[in-house]
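Residue-level listing of the chains:
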Amino acid sequence: MPVLVGKRAPVFKAPAVIGQQLEEDFSLDRYLGKRYVLLFFYPADFSSLCPTELLAFQAMLPEFERRGVAVIGCSTDSHQAHQAWLRTPQAEGGIAGVTYPLIADANKTISANYDVLAGHYDYNEAGEMTFIGSPQAYRGLFLIDRDGIVRHQLVNDRFLGRRISDALRMVDALRHYEEHGETCPANWEAEES
């Protein structure tokens with residue numbers, strides 16, 4: 001798997017759902033020079049594990065926003081699936097109440113460019129290109145600085161959920177380094193402010 005840390009985050013324009021509103025050409029460029037971006041990938045809408053993460057990101061959204069971080073989710077589902085899932089009550093497996101953008105990577109190019117697309121392309125016996133595996137995103141997480149450079153990446157298999165507080169800790173560590181020029185050793189935690 002290629003490491004994107006230290007490199008410019010792959011650019012894209014794609015449909016995204018923000019609340020219930022569709023934005024056709026969503027891009028990370030809107031945040032350049034202004035905000036950090038926490039871009040996370042998840043396998044599928046209407047699954048059992050994914051809503052736990054999306055709702056956990058929503059619960060911690062005020063903490064991310066207080067630190068100047070835009071949280072953005074992305075899966076290989078369509079924007080119609082995102083909208084339907086956002087309309088579904090949480091008690092019924094939905095994510096009603098999620099307010100951050102959900103990118104629709106239905107053509108799978110964003111997941112492929114961030115190297116989080118499960119499976120791979122290969123040729124069959126007839127010489128035709130086919131996809132081997134399930135074309136869903138792994139649980140990738142990318143912390144992108146205000147200059148558009150990836151500063152942290154983490155990729156889990158689809159069945160391994162993330163602890164959202166770990167992502168917040170990485171934001172704090174990056175901000176601490178940028179503000180004070182000090183490295184953050186193992187188990188470093190930001191001081192309460």
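This is a predicted model, so every value here is computed, not measured. (Residues numbered from 1 in each chain as written. Predicted model: local features only at pLDDT ≥ 70, side-chain atom pairs only at ≥ 80, totals over all residues. Heavy atoms only, no water.)

A.B. asks: Describe in detail helix α2 (residues 79–87), supporting the description with residues and values.
C.D. replies: Of the positions making up α2, those classed as buried are His79, Ala81, His82, Gln83, Trp85 and Leu86. Looking at the buried side of α2, the elements it contacts are β1 (14–18), β2 (21–26), α1 (50–66), β4 (69–75) and β5 (102–104). (Buried < 20%, exposed > 50% of the residue type's maximum accessible area, 1.4 Å probe, protein only. Helix = DSSP H or I, 4+ residues; strand = E, 2+ residues; numbered from the N terminus. Contact = heavy atoms within 4.5 Å.)

A.B. asks: Please give an account of the side chain of Asn156 that cites residues and values.
C.D. replies: Following the sequence through the fold, Asn156 ends up in strand β9 (residues 150–156). In terms of polar contacts, Asn156 uses its side chain to reach the backbone carbonyl oxygen of Leu160, at 3.4 Å. In contact with Asn156, not counting residues within four places along its chain, are Tyr138, Arg139, Gly161 and Arg162. (Polar contact = N/O pair within 3.5 Å; in protein donor to acceptor, adjacent residues only side chain to side chain.)

A.B. asks: Explain the sheet that holds β9 residue by residue, including any values.
C.D. replies: Consider a sheet: its strands pair through backbone hydrogen bonds, and that pairing is either parallel or antiparallel. Across the sheet, which stays open at both edges, the seven strands sit in the order β2-β1-β5-β4-β3-β8-β9 with mixed pairing between neighbours. Edge strands, defined here as strands with exactly one partner in the open sheet, are β2 and β9. In this sheet, adjacent strand axes meet at a mean angle of 25° when their direction is disregarded. Across four bridges, strand β3 (residues 36–41) lies against strand β8 (residues 139–144) in antiparallel orientation. When the bridges of β8 are listed, Phe40 appears paired with Leu141. (Pairing = 2+ DSSP bridges. Axes fitted to C-alpha atoms, helices over the stretch in contact; angles between N-to-C directions.)

A.B. asks: Describe in detail α1, supporting the description with residues and values.
C.D. replies: Taking 1.5 Å per residue, 17 residues should reach 24 Å; α1 reaches 24 Å between its end C-alpha atoms and fits that length. The sharpest bend along α1 reaches about 55° and sits at Met60, with the proline Pro62 one to four residues further on. Within α1, burial applies to Cys50, Pro51, Glu53, Leu54, Phe57, Gln58, Leu61 and Phe64. Next to the buried residues of α1 lie β3, β4, α2, β5, β8 and α4 (164–180). One or two positions beyond α1, positive phi appears at Gly68, with a value near 75°. (Expected span 1.5 Å × (residues − 1). Bend = angle between axes of the 7 residues up to and from the residue.)

A.B. asks: Run through the state of the cysteines, naming residues and quoting values.
C.D. replies: All chains considered together, the criterion is met by zero disulfides. For Cys50, which is in no disulfide, the shortest distance to another cysteine sulfur is to Cys74 and amounts to 12 Å. The exposure class of Cys50 is buried, given its relative accessible area of 1%. A residue is classified by how much of its surface remains accessible, and Cys74, at 0% relative accessible area, is buried. (Disulfide = S-S within 2.5 Å.)

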